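What follows is the residue order along each chain.
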Amino acid sequence: MDWSHYRFRSEWELPAPPAAVYVVLEHAEDYPHWWPQVREVTRIDDRSGLIRVRSLLPYGMTFTAREVRRDPACGVLEIALSGDMEGWARWTLTAHGTGTRARYDQEVDVRKPLLRRLAVPGRPLFRANHALMMRAGRRGLTACLQAV
């Protein structure tokens, strides 16, 4: 088993239709306004950007995100990640009652040397840190959608 390889899945129930959620999620440069752990997004070009994140644990991660798929009709946004982590992440939006079910899938290999050295003993903490980040993202996105 590669202890530096992670698969994550989160599902969020959101109080807005998929098209409205999609509009917010496709503007990654605005994530720092509603997602506290996304500290900075700097656009490189029309398909990629540099993202800096930090959650509860005292380490940050920086990576380049490059758009792989943007499909509003299917409610899919997917990016390739490179830098402190390598892999991909994808939002899939579906109608759910009067709102949206947003599924976030991510599969990455951590490349940051410190996190690789701490991979075995730190794995439960790293997974918990990610879960806290995702919970804060759901709360922030919910508040953002309700403010519109």
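Bear in mind the structure is a predicted one, so any value in this text is a computation, not a measurement.

Draft legend 1. Examining the packing of aromatic side chains more closely. The tally for this structure, following the rule as stated, stands at eight aromatic pairs. Seen in terms of ring centroids, W12 and W91 are 5.0 Å apart; in terms of plane orientation they differ by 65 degrees. Their pairing is edge-to-face. Taken as a pair, W12 in strand β1 (residues 5–14) and W91 in strand β6 (residues 85–96) lie far apart in primary sequence, 79 residues in all. Pair check on accessibility: W12 and W91 agree, each one buried.

Draft legend 2. A look at the pattern of salt bridges. Applying the stated criterion across every chain yields a total of 12 salt bridges. A salt bridge links D105 to R9, with the shortest nitrogen-to-oxygen separation between them at 2.6 Å. Here D105 is found in strand β7 (residues 99–110), whereas its partner R9 is found in strand β1, with 96 residues between them in sequence. The residue D84 makes a salt bridge to K112 at a minimum N-O spacing of 4.0 Å. Of this pair, D84 sits in the loop between β5 (76–83) and β6 while K112 sits in the loop between β7 and α3 (113–117), placing them 28 residues apart in sequence. Beyond isolated ion pairs, a larger network of salt bridges with shared partners links R9, R103 and D105.

Draft legend 3. The arrangement of the side chain of D109 in detail. Secondary-structure assignment places D109 in strand β7. Lacking a salt bridge, the buried D109 has R111 as its closest oppositely charged neighbour, with an N-O distance of 4.2 Å. Within the local environment of D109, its side chain forms a polar contact with the side chain of H5, the two groups lying 2.7 Å apart.

Draft legend 4. Summary view of helix α1 (residues 18–25). V21, Y22, V24 and L25 are the residues of α1 that are buried. Buried residues of α1 fall within an arc of 165 degrees about the axis and therefore sit on the same side.

Draft legend 5. Focus on the pairing of β1. The alternating pattern of β1 places Y6, F8, S10, W12 and L14 on a buried face, while none of H5, R7, R9, E11 and E13, on the opposite face, is buried. Strand direction decides the pairing type here: β1 and β7, joined by 10 bridges, are antiparallel. Its bridge partner being in β7, Y6 is matched across the sheet by V108.

What counts as what
- Residue positions are given per chain, counting from 1 as you read along its sequence in written order.
- For this predicted model, a pLDDT threshold of at least 70 governs which residues receive local features, and a threshold of 80 or more governs which side-chain atom pairs are given and counted, while totals over whole chains, interfaces and linings are taken from all residues.
- With hydrogens and water excluded, all non-hydrogen atoms of the structure serve as input to the side-chain values.
- Stacked, tilted and edge-to-face are the three classes applied to pairs of Phe, Tyr and Trp rings, where Trp contributes its six-membered ring and a pair requires centres within 6.5 Å; stacked means planes under 30 degrees apart, edge-to-face means over 60, and tilted covers the rest.
- Elements are defined by DSSP. Helices are runs of H or I of four residues or more, strands are runs of E of two residues or more, and each kind is numbered from the N terminus.
- Note on classification: 1.4 Å probe, protein chains only; a residue is buried when its accessible area is under 20% of the maximum for its type, exposed when over 50%, partly exposed between these limits.
- One side-chain nitrogen of Lys or Arg within 4 Å of one carboxyl oxygen of Asp or Glu is enough to make a salt bridge.
- Under the convention used here, Asp and Glu are negative, Lys and Arg are positive, and both His and the chain ends fall outside the count.
- Here a polar contact is taken to be a pair of N or O atoms separated by no more than 3.5 Å, where protein atoms must pair a possible hydrogen donor with a possible acceptor and residues adjacent in sequence count only if both atoms sit in side chains.
- Arc, as used here, means the arc of the directions from the helix axis to the C-beta atoms.
- For two strands to be treated as a pair, DSSP must find no fewer than two bridges joining them.

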